[in-house]
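# Architecture at a glance
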Amino acid sequence: MTSSHTPVDTPERVALRAAVSSFAKGHAPGGPQERDGVRELWAEAGKLGYLGVNLPEEYGGGGGGITELSIVLEELGAAGCPLLMLVVSPAICGTVIARFGTAEQKERWLPGLADGSLTMAFGITEPDAGSNSHRITTTARREEGGGWILNGRKVFISGVDIADATLIVGRTEDARTGKLKPCLFIVPREAHGFSHHHIPMELAAAEKQFEVVLDDVRLPADALVGDEDAGLLQLFAGLNPERIMTAAFGLGMGRYALDRAVDYARTRQVWKEPIGAHQAIAHPLAQAHIELELARLMMAKAAYLYDTGDDAGAGEAANMAKYAAGEATVKAVDQAVHTLGGNGLTVEYGLARLITAARVARIAPVSREMILNYVSHQTLGLPKSY
């Protein structure tokens, strides 16, 4: 079952979708769960130009936007081999550097992010802050020579062990008001005082999660990305693509699960007709397909708004897309497993591992409840409870 086109699909995007789908289907169904398999897939995707489709052409990218990158991730996921670091390295870090980085930062990082030879992690979540980015305590203090000293902790940071650097969200003190404001820093993996510790997860994924500790990490002045006074503008330049790409990640997973269930329902026969002929099986699968397609339309809208420079509109749509995709993904995976019955829990069919993975689409990078808060406050104008 192939994915239909969205209203914003150009002939080039249709061709990209078909090419990525064909490439992804050449890899093992269910996705590479071993590190070597993921690295191989990442390297091949980089050589074909898929990892950097959103990055500027002058730095080796494809010159597209988040729309194109979301197509890549969705189609990889629909074939059963999603690459989680696509959400982080080119989507968040690449976008922020391309929009706000210095010429030197762009030259240093973007070509490698585009061809996959370099990867970056992204560190924002903290143990005591959760979804409240205003409570971030990682601080950056200026040294007399113009450099910076970073101190703090981050948790649930994907791929730190394989990343060449981590884009860290810290807070600097405003000299005029004394208030802390968010800023972004590139922290190289080998920086003294920068360490990471594995967080064991009950999640079948090659990409691991880590706690990061910054203990008097000294950085040069040019580690700061963008304007020190830009604050939330630069932060959400990365967070909106993150939400859009998380939607793409979930939708690919949901499509993969649904395809497996539909194929099974067409052929599984225990009475005179295949089980898919029975409405109790067919209707929930049809409903799952409808909800996935509706979520894809909102994701396409969010990507379009972001790529056309409407940051405010993209913020609302990106949150809605992430919410819709998370709900649709969980339902599609659950129904797929249920359709297969006992077979849905076997290693052979590869669906049971998606039960936990699908839940991530509801939780990360922001919970469904916080998205509902956003919509109720920002869109509907209702008062806050916090």
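These figures come from a predicted structure and were not determined experimentally. (Residues numbered from 1 in each chain as written. Predicted model: local features only at pLDDT ≥ 70, side-chain atom pairs only at ≥ 80, totals over all residues. Heavy atoms only, no water.)

## Looking at the domain arrangement of the chain
- Taken domain by domain, the chain consists of domain 1 (11-115), domain 2 (120-228) and domain 3 (232-379).
- Placing a centre on the C-alpha atoms of domain 1 and another on those of domain 2 gives a separation of 24 Å.
- On the side of domain 2, 23 residues touch domain 1, which itself brings 20 residues to the contact.
- For the domain 1 and domain 2 pair, buried surface summed over both sides reaches about 1700 Å², with 67% attributable to carbon and sulfur atoms.
- One can count zero salt bridges joining domain 1 with domain 2. (Domains from an automatic or database assignment. Contact = heavy atoms within 4.5 Å. Buried area = accessible area lost by both parts, 1.4 Å probe. Salt bridge = Lys/Arg side-chain N within 4 Å of Asp/Glu carboxyl O.)

## Topic: the environment of lysine 106
- If you trace the backbone, lysine 106 turns up in helix H5 (residues 103-115).
- Each C-alpha atom of the pair lysine 106 and alanine 79 lies 32 Å from the other, and the pair is 27 residues apart in sequence.
- Setting aside residues up to four positions removed in sequence, lysine 106 forms contacts with Tyr59, Ile97, Ala98, Gly101 and Pro111. (Helix = DSSP H or I, 4+ residues; strand = E, 2+ residues; numbered from the N terminus.)

## Things to note about the packing of helix H7 (residues 279-307) against helix H8 (residues 311-340)
- Two elements in contact, H7 and H8, have axes whose closest approach is 8 Å; the angle formed by their N-to-C orientations is 160 degrees. Accordingly, the angle class assigned to the pair H7 and H8 is roughly antiparallel. In the packing of H7 onto H8, the handedness of the crossing is left-handed.
- In the contact of H7 with H8, the residues fall into 20 nonpolar, four polar and four charged. (Axes fitted to C-alpha atoms, helices over the stretch in contact; angles between N-to-C directions. Parallel < 35°, antiparallel > 145°, perpendicular 65-115°, else oblique. Left-handed = near helix turned anticlockwise from the far one by under 90°. Nonpolar A, V, L, I, M, F, W, Y, C, P; charged D, E, K, R; others polar.)

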